[in-house]
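# Examination of the molecular architecture
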Amino acid sequence: MAPEATDPLDRSRFPLDEWRLVETRFSADDLGTTESVFSVGNGYLGLRGNYEESRDFAANGTFINGFHETWPIRHAEEAFGFAKVGQTIVNAPDAKVVRLYVDDEPLELSTADLVEYERSLDFRTGVLHRHVVWRTPSGKRVQVDSTRMVSFANRHLAVMTYEVTLLDAAAPLIISSQVLNRQDADRGAAVELAKADFDPRKAEGFGHRVLLPENDHEPLPEGRLALRYKCAESGMTVALAVEHHLDCHSHVHVDTETDDDMVKSIYRLTGQPGETIRLTKTVAYHTARVVPTRELLDRCLRTLDRAAEQGHDLLLAEQRAWLTEFWQRSDVVVEGQPALQQAVRWNLFSLAQAAARADGAGIPAKGVTGSGYGGHYFWDTEIYVMPFLTYTSPWMARNALRFRYSLLDAARRRARQLAQKGALFAWRTINGEEASAYYAAGTAQYHIDADISYALSQYVGATGDYEFLDEQAVDIFVETARLWADLGFMREDEDGGTFHIHGVTGPDEYTTVVNDNLYTNVMARFNLRRAAEAVEFLRDRRPTAYDAMVARVGLREGEVEEWRRCARAMAIPFDDHLGVHPQDSHFLEREMWDLAHTPEDNRPLLLHYHPLVIYRFQVLKQADVVLALFLQGEDFTPEQKKADFEYYDPITTGDSTLSAVVQSIVAAEVGYQDLALRYFHAALFVDLADRHANTSDGVHVASPGGVWSALAAGFGGFRDLGQGRWCLDPRLPAAWPSLSYRLTLRGTRLRVCVRPAELELTIEDGPGPLTLEVRGVPVTVTRDAPVVVPLADQGPRLAGGPRHPAGTRRGDGTVMTAIVPSGD
């Protein structure tokens, strides 16, 4: 059941602020959640929201995108083609630690007498603030203010400050600023307090030392310390350097300590009442696949040199300027809904922190906020995150897609391992090699090829970046089309033949290795068509690029026509009796799972039932057919969309965070407006309210991406029909006075404002003009003035929600029954 469309947060602890996430009361009960949601990062470097004193934590973490260790996957029963080498993100050396002692008493928030407490993450400045007034055991009040920032302007840089002010009386102080190798120092005891016995969503652990020290503790400029490591198996290297600057009027004694797993600067002084002691800690991280750590350290030192030349104030100003531009392109305004507005901006800010400076890497499922899913890249990026990037920050989208192109050779190798032509991208990976040990819900998800092609097509269409099409995108189109043409087969019939794809798994991981999965077939059809269009576009309009492409990929005569023939003949399952598209060729033969009577303690199903039990039922982990209705909506009639949504929505568990956003979008389109709003709330607060009880592993980055799509495509009604065709058919919730969002199309930024009776289109930046279809009518917008289009309504409005299909008769007369399997 979708939750009620209400605010789930405790506003006495997390007060409303449309531009900040604010916490006014310390709690040790949900440290893992708050560590994730108060993380700061830039897509390359991420610092979890751990407290500086590092005494109260659920999972300490500093993560660098793509910095990973490898390990042999040991299968209980080996078979040809199984994934061989696992990849797991490494917990990088932690520079967040600053420990305070007053009268030799440590500040530890969980036991401290806190007179004042506030922590806030500012979406306009990208700075995490914390303010504490601590009454020490001797009765002295001490004010501690800290800030933490990971720079968007300089992807390798983090800046922290730690201020101590004695409010009542003088006292001896010790400030110990540290960098710790938490990955190895004590094999995780100081990294994570507790782990579930079994949860495939968590990262794998290591039984061996991962980071091999390469420190020679060479002399560095005053105030600087450094650590250097090489990963034991992957060979990746990392170096960090930290610079300290202490501002105070009192005499200070400074000590430094260094060993292979820790460096620290210790400041001893007697603080005077009213005097503020300020420590500024600037840290640079550099990583590489093969570069020696000595060279990486040189890069770190140059990064620190540049930061010192700029100064702290300029670094903050750069950060604010970067985010000002980000919000000009990306902000979504939900008028009159402050709780939603705060959550929307937190979600969009999370996307910036996951993707902005990923540059030559992918976008991990948890961004750089945690180790969940091992730091891997999935199809989530292309379907859920890429639309936001493509339509608001196209260069971020280009970087992410260039990373996918860099994995093309690995995808070609993987296809050969599975006896296929073309390229098959790894379902989960960091370095391009398949890292999923469970092929049924991993490698069998061939749809990732079509998902990547979909994102490529969306990017090229929205930007007109034909240089990227010429040199990289077309190669992926060709190789993925070859895969589909080879994977499927033509079965001759009275209509001339039907093209089938067998033995695959769709997005729904509760139904695996099936024939003619609807999502897979629909998206493969798109992929085949788009590849043919791309090749013909180059041949007809960019002949030089076409010749270069033919030489690169060895395009053969007749291949393009073969792709078109496969697409035309693609099998699209449809049940005439029920009037719905079966999720696969045998899906409707299964009985149903009685979700209404399944104990809450047994959710999610994947943690409480053997996969074979789940696979026998009509029960979905996440939207599958319904996702196809959204992504390829032009291929389905309104009646088909409504019927499919009504059938599949009640049997979808929502055990995946990827589901609610898609259900919201399609519910809004077909008319279930209240249900759409409820699903939107479910998605909007996935992490802020820890709805899936695993936010401690990191932010679910695809969900914020889907939140943007739910706003722009669901309630805002935006659809990209490809090849420069865009349309709008909004579904504004009845309680919202207006909804505004931005789209960057062909270098022009368009502001779309939906109101109950009108749609306003305004060009905010760029040359224009832009032409879009509003409910089938072309509307052209120029820079001269906004265009206001009257709206007769906000689409159909249906009461309630779909009824569970249990009890429905199949075409053969049998009745679909629903049970909860138990063995009792």
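Preceding this section is the structure that the text describes.
Residues numbered from 1 in each chain as written. Predicted model: local features only at pLDDT ≥ 70, side-chain atom pairs only at ≥ 80, totals over all residues. Heavy atoms only, no water.

## A look at the pattern of salt bridges
Evaluation of the coordinates by the stated rule reveals 64 salt bridges. The partner of Asp298 in a salt bridge is Arg294, and the shortest N-O contact between them spans 2.7 Å. In this pair, Asp298 and Arg294 are both assigned in helix H2 (residues 293–310), 4 residues apart and thus about one turn of the helix distant. Assessed through its relative accessible area of 32%, Arg294 is described here as partly exposed. Linking Arg412 and Glu479 is a salt bridge whose minimum nitrogen-to-oxygen distance equals 2.9 Å. Of this pair, Arg412 sits in helix H7 (residues 408–417) while Glu479 sits in helix H9 (residues 466–487), and the two are 67 residues apart along the sequence. On the basis of relative accessible area, Glu479 is assigned to the buried category, the value being 4%. (Salt bridge = Lys/Arg side-chain N within 4 Å of Asp/Glu carboxyl O. Helix = DSSP H or I, 4+ residues; strand = E, 2+ residues; numbered from the N terminus. Buried < 20%, exposed > 50% of the residue type's maximum accessible area, 1.4 Å probe, protein only.)

## What about the sheet that holds strand S5 (residues 85–91)?
Read across the sheet, 4 strands follow the order S2-S3-S4-S5 without closing on themselves; strand pairing throughout is antiparallel. On the outer flanks of this sheet lie strand S2 (40–41) and S5, each paired with one strand and no other. Relative to strand S3 (residues 45–47), S2 runs antiparallel, the two being bridged by 2 bridges. Counted as the bridge partner of Val40 is Leu47 from S3. (Pairing = 2+ DSSP bridges.)

## A word on the packing of aromatic side chains
As enumerated under the stated definition, the model contains 29 aromatic pairs in all. Ring geometry for Phe152 versus Trp322: centroids 4.3 Å apart, planes at 5 degrees, classification stacked. On the criterion of sequence distance, the pair formed by Phe152 in the loop between strand S10 (141–150) and strand S11 (157–166) and Trp322 in helix H3 (residues 312–330) is long-range, its members being 170 residues apart. Note on accessibility: Phe152 and Trp322 belong to one class, buried. Aromatic pair Tyr391 and Phe718: ring centres 5.1 Å apart, planes at 85 degrees, arrangement edge-to-face. Taken together, the positions of Tyr391 in helix H5 (residues 380–392) and Phe718 in strand S24 (residues 718–722) put the pair 327 residues apart, joining distant regions of the chain. Owing to a relative accessible area of 5%, Phe718 belongs among the buried residues under this scheme. Taken together through their ring pairs, the aromatic side chains of Trp19, Phe123, Phe152, Trp322, Phe326, Trp327, Phe349, Phe388, Tyr391, Trp708 and Phe718 make up a single cluster. Above the face of the Phe38 ring, Arg119 is positioned so that its terminal group lies 4.4 Å from the ring centre. Taking the ring centre of Trp19 as reference, the NZ or CZ of Arg345 above it sits at 3.8 Å. (Phe/Tyr/Trp six-rings, centres within 6.5 Å; stacked < 30°, edge-to-face > 60°. Lys NZ or Arg CZ within 6 Å of the ring centre and 35° of its normal.)

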